[in-house]
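Secondary and tertiary structure notes
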Amino acid sequence: MIRNDEAARAEAADDFGHLVHRTPDVVLRPTSNQDVAAAIRRAAGQGRRFAAQGRRHSVFGRGQVDGGIVADMAGMRAVHDVGDDRVTVGAGATWREVLAATLPFGRFPPAVPDYLDLSVGGTLAVGGVGARISAFGAQTDNVVELQVVTGNGQEVTCSPNRRADLFDAVRAGLGQVAVVTTATLTLVPAPRQVRRLLLFYPDLPTMLHDQRLLVADGRFDAVQGAVLPAPDGGWTFRLDAVVGCATSPPSDAALLDGLSADRSLTQSSTSTHLEHLARLDALEQALRAHGMWDLPHPWLMTFVGDSAVESVVSAELDRLTPADLGQFGQVSLSAFRSRKITSPLLRLPTDDVCHAVNLVRIPTTDATAEAARLVAANRAAYDRVRAAGGTLYPVSALAMSPDDWRAHFGPVFAQLAAAKRRYDPGHVLTPGYEVFGT
Ligand SMILES: Cc1cc2nc3c(=O)[nH]c(=O)nc-3n(C[C@H](O)[C@H](O)[C@H](O)COP(=O)(O)OP(=O)(O)OC[C@H]3O[C@@H](n4cnc5c(N)ncnc54)[C@H](O)[C@@H]3O)c2cc1C
């Protein structure tokens, strides 16, 4: 299907961030690899740029194309061939759709993101991180094989053993060398239910102490931290820890052994695995109910090494005002073992333990000046994180110049640039990141 009406073009010029708007000339909805290849060749032949769009949850126009061609990947969302250890899916499928197909077989993709309404292709373009990152790495570390269409318009299958240079440049490669059309993803056995503990701490150092301990001993399947605005103007420090179980859950006493969490505040519950995986649905509903889901989302996502995390996060908390995060916002702060990440283009600090440190800003206004202020604040915070050895998770709301990206990719930039020269020499694909210029 081809659309160039104003409504379709306006939709493709917006995303979850509502911060950047670039209007394409044409919006396509491909249903096959051949459709994608023909569209990319057409864009190249006309001297236009091309980008795939999954669920448009980018927050800074990364899937947009000024005057070019956009492919809405929702037409390629079938989930095929659920096996014991793998599943093959169309890149436009959401993670919720992948789970709906695999959980009935008692299997799930272990690196599933925390928010389920993202497309597989959209998260493979950036890395894709979720609660089980410490045990399984990122989504790009759990891919068996990819079918892609390169910027040359070639349909290619790649994997660790077949066109490995392309496979490594596509995973977390910001859509610079190819569009993913089909992905074969790793599956693991799914627990039937999970025991969830919410643990509360008086301060950041105490919470970090337990995070390090839990990363080292692995007693939980997933541990995610959050620093939340407290009603008294201070902060609430909270860990959300879950462990899967087949029948009866382990005792809370055993799970809490040796931890410094305040026992009087600890909350525990048991839920089905799917209820747990879909836990952010409640937040989405709350934000929609308060009219905040459709406001600008100037989020900043970074990775900070363990050696710097306490000083970096303390300094950011000192700087943040209530308006910087909003009542529903938070600083999320989750520790993981960096050796589990093997995708070359997903850049991390050099520490053995790293922390995903995210400023999840939920403003209460759509005022342009306020959004611009927060984007500028993101840039300043990113510069501080980088000075402390940290890296960007490139789903963030801030402008990055080609020099910034070169510094970001560091030693692997040459690998990405070589793949760009080989697979997208005309610079047709995904201009929204501005990795190789606009
Ligand atoms: C509410 C919310 C929750 C989030 N939660 C998480 C989370 O839990 N974990 C996490 O890791 N990230 C999370 N993110 C970030 C998210 O992973 C990225 O923004 C992701 O790129 C969005 O996926 P999408 O399907 O909406 O892609 P889009 O916004 O449509 O596209 C994002 C980028 O990917 C490219 N792209 C899309 N499809 C393809 C394809 N098939 N082949 C090649 N490139 C493609 C686009 O061109 C664009 O550059 C979240 C974002 C939001 C807004």
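All figures in this text were calculated on a predicted structure; none of them were measured in a lab.

Describing the pairing of strand 17 (residues 330–337)
Burial of strand 17 is extensive: seven of the eight residues sit out of reach of the surface. Relative to strand 17, strand 13 (residues 222–229) runs antiparallel, the two being bridged by two bridges. Pairing of Ala226 across the sheet is with Ser332, part of strand 17. Taken together, the eight bridges between strand 17 and strand 18 (residues 353–360) define a ladder with antiparallel strand orientation. Note that in strand 18 the partner of Leu333 across the bridge is Val357.

Re the layout of surface pockets
What the second largest pocket holds in volume is close to 430 Å³. Together, 21 residues line the second largest pocket, and Glu11, Gln53, Gly54, Arg56 and Asp72 are the ones closest to its centre. Put simply, the parts of the chain that give the lining of the second largest pocket at least two residues each are helix 1 (6–12) and strand 2 (26–28). Residues of the lining of the second largest pocket, tallied by class, amount to seven nonpolar, four polar and 10 charged.

With respect to the UniProt feature "domain: FAD-binding PCMH-type" (unreviewed entry) in the protein
Residues annotated by UniProt as "domain: FAD-binding PCMH-type" (unreviewed entry) correspond here to residues 20–190. Secondary structure across residues 20–190 comprises 22% helix and 25% strand; the distance between its end C-alpha atoms is 39 Å.

Describing the site of the ligand
Taken together, 30 residues sit near the ligand, with Ala52, Gly54, Ser119, Val129 and Tyr393 positioned nearest. Note that an oxygen atom of the ligand is positioned 2.6 Å from one of the backbone N or O atoms of Ala52. Between the ligand and the protein, one listed contact pairs an oxygen atom with a backbone N or O atom of Gly54 at 2.6 Å. Protein chains bury 95% of the 950 Å² of accessible surface belonging to the ligand in isolation. Of all the secondary structure elements, the ones that give two or more residues to the shell around the ligand are strand 3 (50–53), helix 4 (120–124) and strand 10 (178–186). Looking at side-chain class alone, the shell around the ligand contains 15 nonpolar, 11 polar and four charged residues.

Some points on the nonpolar core
Core analysis: the largest hydrophobic core is formed by 124 residues, its most contacted members being Phe50, Leu146, Val148, Leu166, Val177, Leu333 and Phe409. Two domains each provide a minimum of three residues to this core, namely domain 1 (75–189) and domain 2 (193–392). Beyond its immediate chain neighbours, meaning those up to four positions away, Val148 contacts Gln154, Glu155, Val156, Cys158, Leu166, Val170, Ala178, Val179, Val180 and Thr181. Ala12, Val27, Ala51 and Val70 belong to the second largest nonpolar core, which has six residues in total.

Regarding the sheet that holds strand 2
Here we have four strands laid out as an open sheet, ordered 1-2-4-3, and mixed in their pairing. Of all strands in the sheet, those bounded by a partner on one side alone are strand 1 (2–3) and strand 3. In this sheet, strand 2 lies alongside strand 1 in antiparallel orientation, the contact comprising two bridges. In the sheet register, Arg3 faces strand 2, and the bridge partner there is Val27.

A short note on the packing of aromatic side chains
Taken as a whole, this structure holds eight aromatic pairs when the rule is applied. Measuring from ring centre to ring centre gives 6.2 Å for Trp405 and Tyr433, while their planes differ by 75°; the resulting arrangement is edge-to-face. You can see Trp405 sitting in helix 14 (residues 402–409) and its partner Tyr433 sitting in the segment after helix 15 (413–423), a full 28 residues away along the chain. Exposure remark for Tyr433: the relative accessible area of 7% places this residue in the buried category. Joined through ring pairs, the aromatic side chains of Phe16, Tyr115, Trp293 and Trp299 make up one cluster.

Conventions and cut-offs
Residues numbered from 1 in each chain as written. Predicted model: local features only at pLDDT ≥ 70, side-chain atom pairs only at ≥ 80, totals over all residues. Heavy atoms only, no water. Buried < 20%, exposed > 50% of the residue type's maximum accessible area, 1.4 Å probe, protein only. Helix = DSSP H or I, 4+ residues; strand = E, 2+ residues; numbered from the N terminus. Pairing = 2+ DSSP bridges. 1 Å grid on protein atoms, 1.4 Å probe; cavity = no way out; pocket = protein on both sides within 12 Å on 5 of 7 lines; lining within 4 Å. Points joined across faces, edges and corners; volume = space filled by probe spheres on them. Nonpolar A, V, L, I, M, F, W, Y, C, P; charged D, E, K, R; others polar. UniProt positions renumbered as here; feature names shortened; annotations may be inferred. Near = heavy atom within 4 Å. Polar contact = N/O pair within 3.5 Å; in protein donor to acceptor, adjacent residues only side chain to side chain. Areas by Shrake-Rupley, 256 points an atom, 1.4 Å probe, with all protein chains shown as cover. Core = buried A, V, L, I, M, F, W, Y, C linked by side-chain atoms within 4.5 Å. Domains from an automatic or database assignment. Contact = heavy atoms within 4.5 Å. Phe/Tyr/Trp six-rings, centres within 6.5 Å; stacked < 30°, edge-to-face > 60°.

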